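Given next are the chains, with one letter for each unit.
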Amino acid sequence: AQSVTQPDIHITVSEGASLELRCNYSYGATPYLFWYVQSPGQGLQLLLKYFSGDTLVQGIKGFEAEFKRSQSSFNLRKPSVHWSDAAEYFCAVGAEGGYQKVTFGIGTKLQVIP
Amino acid sequence: GAGVSQSPSNKVTEKGKDVELRCDPISGHTALYWYRQRLGQGLEFLIYFQGNSAPDKSGLPSDRFSAERTGESVSTLTIQRTQQEDSAVYLCASSPRSTRYGYTFGSGTRLTVV
């Protein structure tokens, strides 16, 4: 069964600083990987996704993530954080095949301080 | 429609009453998912529809929970004899047949059982 680990439940960064949110997955084959963002009181919005090809993927709002098969990781990065990036971030793993379920991590809550 | 629509956005109900939550997916999306998000927690999978069949109902927490879907359209999640522990945000998502495109989430229904 597939699983996702987000080891950091809460992260605080200063505005303008760089950001890296960690995600490790467990899946036997090549996974589909996603990062979602949830602002307070909102649903989840897809930031970026990986399913094949270039292992460095670009997303919306200046985010990027790198798929590292050897480390089973898909960390999310942003070079300079803005106050509006404060939200909860969810990593997720899915797969092609007969069943389409995507498994989500527990989320990392990002706080941005001035 | 242009996005996933959920109604109502907020629902307050008395313990023991039945509630129905509605999800209207993106037109053409064959897959539909229900998740539950308790306060401060990650996403808890409830049920997955492909068309109007539900290959995976394993996340439904008890027989008080049921869901149905009309064709590749609207889905209804019903909770009978609500309990206080059912209080949560119920999120619906839809996707094309392939998971590689990720899910599109609705804004959720916030259910409060008093």
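Because the structure is a prediction, the values reported are computed rather than measured.

1. Structural notes on the overall build of chain A
Piece 1. Within chain A, the secondary structure is distributed over zero helices and twelve strands.
Piece 2. Taken along its principal axes, the extent of the C-alpha atoms in chain A is 45 × 30 × 20 Å.
Piece 3. Here chain A holds 114 residues, and the buried ones make up 46% of them.
Piece 4. Counting only contacts in chain A whose residues sit at least 6 apart along the sequence, the fraction spanning at least 24 positions is 54%.
Piece 5. Total accessible area computed for chain A in this model is approximately 5300 Å², and 50% of it derives from carbon and sulfur atoms.
Piece 6. Side chains of chain A carry 9 positive and 9 negative charges; the gap between the two charge centres is 4 Å.

2. Describing the nonpolar core
Residue and element names in this part refer to chain A.
Piece 1. In this structure, Leu19, Trp35, Leu47, Leu48, Phe74, Leu76 and Tyr89 are the most contacted members of the largest nonpolar core, which totals 26 residues.
Piece 2. Among the elements of the structure, strand E2 (10–14), strand E3 (19–21), strand E5 (32–38), strand E6 (44–50), strand E8 (64–68), strand E9 (73–78), strand E10 (87–94) and strand E12 (108–113) are those that each provide at least two residues to this core.
Piece 3. Looking at which element gives the most residues to this core, the answer is E10, with four residues.

3. Observations regarding the pattern of salt bridges
Piece 1. Summed over all chains, the structure comprises seven salt bridges over all chains.
Piece 2. The partner of Arg77 of chain A in a salt bridge is Glu64 of chain A, and the shortest N-O contact between them spans 3.2 Å. Here Arg77 of chain A is found in strand E9, whereas its partner Glu64 of chain A is found in strand E8, with 13 residues between them in sequence.
Piece 3. Classification of Arg77 of chain A as partly exposed rests on a relative accessible area of 23%.
Piece 4. With a shortest N-O distance of 2.8 Å, Asp86 of chain B and Arg64 of chain B are connected by a salt bridge.

4. A few points about the confidence of the model for chain A
Piece 1. Scored by pLDDT, chain A has a mean of 91; 96% of the residues are at 70 or more.
Piece 2. Within chain A, E3 of chain A carries the highest mean pLDDT (98), whereas strand E11 (residues 103–104) of chain A carries the lowest (88).

5. Points about the interface of chain A and chain B
Piece 1. Across the contact, 20 residues belong to chain A and 21 residues belong to chain B.
Piece 2. When chain A packs against chain B, close to 1800 Å² is buried across both sides, 55% of that on carbon and sulfur atoms.
Piece 3. Where chain A meets chain B, there are zero salt bridges.
Piece 4. When residues of the side of chain A that touches chain B are assigned to their parent elements, the largest contribution, four residues, is made by E5 of chain A.
Piece 5. Per-class residue counts for the side of chain A that touches chain B are twelve nonpolar, five polar and three charged.

6. Observations concerning the environment of Phe49 of chain B
Residues and elements named next belong to chain B.
Piece 1. When you line up the elements, Phe49 lands in strand E5 (residues 44–50).
Piece 2. On the accessibility criterion, Phe49 (2% relative accessible area) is buried.
Piece 3. It is 8.8 Å that separates the C-alpha atoms of Phe49 and Glu72, two residues lying 23 residues apart in sequence.
Piece 4. If sequence neighbours within four positions are ignored, Phe49 has contacts with Thr30, Ala31, Leu32, Trp34, Ala54, Pro55, Ala67, Glu68, Arg69 and Ser75.

7. Here's the deal with empty space enclosed by the protein
All names here are of chain A.
Piece 1. In total, this model carries one cavity of 30 Å³ or more according to the counting rule given.
Piece 2. The volume enclosed by the largest cavity comes to roughly 30 Å³.
Piece 3. Around the largest cavity, the lining residues are Val37, Ser39, Leu47, Lys61, Phe63, Ser84, Asp85, Ala87 and Tyr89.
Piece 4. Of the residues that constitute the lining of the largest cavity, the class distribution is five nonpolar, two polar and two charged.

8. Quick notes on the sheet that holds strand E1 (residues 5–7) of chain B
Residues and elements named next belong to chain B.
Piece 1. Pairing in this open sheet of four strands is antiparallel, and the strands run E1-E3-E8-E7 from one edge to the other. Whereas interior strands pair on both sides, the edge strands pair on one side only; in this sheet they are E1 and strand E7 (65–69). Neighbour to neighbour, the strand axes of the sheet diverge by 15° on average, direction disregarded.
Piece 2. Sheet topology places E1 next to strand E3 (residues 19–24); three bridges connect them, and they run antiparallel. Its bridge partner lying in E3, Ser7 is registered against Arg22.

Thresholds, definitions, all that
- Residues numbered from 1 in each chain as written.
- Chains lettered and ligands numbered in written order.
- Predicted model: local features only at pLDDT ≥ 70, side-chain atom pairs only at ≥ 80, totals over all residues.
- Heavy atoms only, no water.
- Helix = DSSP H or I, 4+ residues; strand = E, 2+ residues; numbered from the N terminus.
- Buried < 20%, exposed > 50% of the residue type's maximum accessible area, 1.4 Å probe, protein only.
- Contact = heavy atoms within 4.5 Å.
- Areas by Shrake-Rupley, 256 points an atom, 1.4 Å probe, with all protein chains shown as cover.
- Lys, Arg positive; Asp, Glu negative; His and termini not counted.
- Charge placed at Lys NZ, Arg CZ, Asp CG, Glu CD.
- Core = buried A, V, L, I, M, F, W, Y, C linked by side-chain atoms within 4.5 Å.
- Salt bridge = Lys/Arg side-chain N within 4 Å of Asp/Glu carboxyl O.
- pLDDT = per-residue confidence, 0-100.
- Buried area = accessible area lost by both parts, 1.4 Å probe.
- Nonpolar A, V, L, I, M, F, W, Y, C, P; charged D, E, K, R; others polar.
- 1 Å grid on protein atoms, 1.4 Å probe; cavity = no way out; pocket = protein on both sides within 12 Å on 5 of 7 lines; lining within 4 Å.
- Points joined across faces, edges and corners; volume = space filled by probe spheres on them.
- Pairing = 2+ DSSP bridges.
- Axes fitted to C-alpha atoms, helices over the stretch in contact; angles between N-to-C directions.

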